[in-house]
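Architecture at a glance
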Amino acid sequence: MIIDTLENLEKYVSLNPFFKEVVDFLKLNDLKSLNAGKHFIKDKDVFVNIQDAKGKTVEEAVIEYHRSYIDIQVPLTANETFGYIPTCELPTVEFNEEKDIAKVLGVKGQSYVTCTPSMFAMFFPQDGHAPCICETAELKKAIFKVKV
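Each chain has its residues counted from 1, running along the sequence as written. Residue-level local features of this predicted model are given only where pLDDT is at least 70; pairs of side-chain atoms are given and counted only at 80 or more, and the full residue set underlies all totals for whole chains, interfaces and linings. Computation of side-chain values covers all heavy atoms of the structure but excludes hydrogens and water.

The next point concerns the packing of aromatic side chains. Here the aromatic set is Phe, Tyr and Trp, taking the six-membered ring for Trp, and pairing holds for ring centres within 6.5 Å; pairs whose planes are under 30 degrees apart are stacked, those over 60 apart are edge-to-face, and all others are tilted. Taken as a whole and judged by the stated rule, the model has 6 aromatic pairs. Between Tyr65 and Phe95, the ring centres sit 5.7 Å apart and the planes meet at 35°, which makes this aromatic pair tilted. With a gap of 30 residues between them, Tyr65 in strand S4 (residues 63-65) and Phe95 in the loop between strand S6 (80-86) and strand S7 (102-104) connect regions that are remote in the sequence. Each member of the pair, Tyr65 as well as Phe95, carries the same accessibility label: buried. Runs of H or I in DSSP of at least four residues are treated as helices and runs of E of at least two as strands, each being numbered from the N terminus. Exposure categories follow from relative accessible area, calculated using a 1.4 Å probe and restricted to protein chains: below 20% of the type maximum is buried, above 50% is exposed, and the middle band is partly exposed.

On to the nonpolar core. Grouped burial of nonpolar side chains is what soluble globular proteins tend to show. Ranked by size, the top nonpolar core spans 23 residues in total, and within it Leu31, Ile72, Met122 and Phe144 carry the most contacts. Elements supplying a minimum of two residues to this core: helix H1 (19-28), strand S3 (46-54), strand S5 (69-75), strand S9 (119-123) and strand S11 (138-147). The element best represented in this core is H1, accounting for 4 residues. In this analysis, two residues are considered to be in contact whenever any of their non-hydrogen atoms come within 4.5 Å of each other. Beyond its immediate sequence surroundings of up to four residues, Ile72 is in contact with Leu9, Phe19, Val22, Phe120, Ala121, Met122, Ala142, Ile143, Phe144 and Val146. To form a nonpolar core, buried Ala, Val, Leu, Ile, Met, Phe, Trp, Tyr and Cys residues must be joined to one another through side-chain atoms within 4.5 Å. Grouped together as the second largest cluster of nonpolar side chains are 11 residues, Ala61, Ile63, Tyr65 and Val107 included.

Take a side-chain nitrogen of Lys or Arg and a carboxyl oxygen of Asp or Glu: if they are within 4 Å of each other, that pair is a salt bridge. If you walk through the whole model with that rule in mind, you get 5 salt bridges. Where Asp71 meets Lys145, a salt bridge forms, and the shortest distance between an N and an O atom there is 2.5 Å. Here Lys145 lies in strand S11 and Asp71 lies in strand S5, a separation of 74 residues in the sequence. With a relative accessible area of 13%, Lys145 lands in the buried category. Between Glu80 and Lys141 there is a salt bridge, with its nearest N and O atoms 2.6 Å apart. Placement of Glu80 in strand S6 and of Lys141 in strand S11 is noted, with a sequence separation of 61 residues between them. For the residue pair Glu80 and Lys141, the accessibility class agrees, reading buried in each case.

A pair of cysteine sulfur atoms is labelled a disulfide when the two atoms are within 2.5 Å. Evaluated as defined, the whole model comprises 0 disulfides. The cysteine Cys134 is free of any disulfide, with Cys132 supplying the nearest cysteine sulfur at 8.2 Å.

This part covers unusual backbone geometry. Apart from glycine, the bulk of residues carry a negative phi angle, and the bulk of peptide bonds sit in the trans form. Positive phi outside glycine occurs at Asp43, with the angle close to 50°. Along the chain, Asp43 falls in the loop between strand S2 (37-42) and S3. For Asp100, which is not a glycine, the phi torsion comes out positive at approximately 55°. Looking at the element boundaries, Asp100 is found in the loop between S6 and S7. Take Asp100: its relative accessible area is 5%, and that puts it in the buried class.

In short, shape yes, function no, at least from these values alone.
Right, dumping it as structure tokens:
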């Protein structure tokens, strides 16, 4: 997991060759003005999903993880808190290969971090995370999906 400001995202391009695509997209686009839904940046290797999400409490939030994609989650309209737990400490659950997601009910994060709209949280396959913890009822956010 990496937590940082958007202005520093370019410093991480050496971690994955597709991260540069995200950086270039951010330079050319205003995330707040994009319509909800998927916007493909480089085929299915890199895309951003703009969501109007429902804010959740810590108790409502569900741990999830992915195997094929790295998430770069960017809150756009309010602060967003993320729960974190390493996937190696999660119980075995059914994994949806088509959607590249497993949801682990009944498990809470071991730690929590809050991002402002000028920040991002980057989650790798080894990072279980509970998104959308927010004090507001609704949250607009961007989730970049980057192929591992």
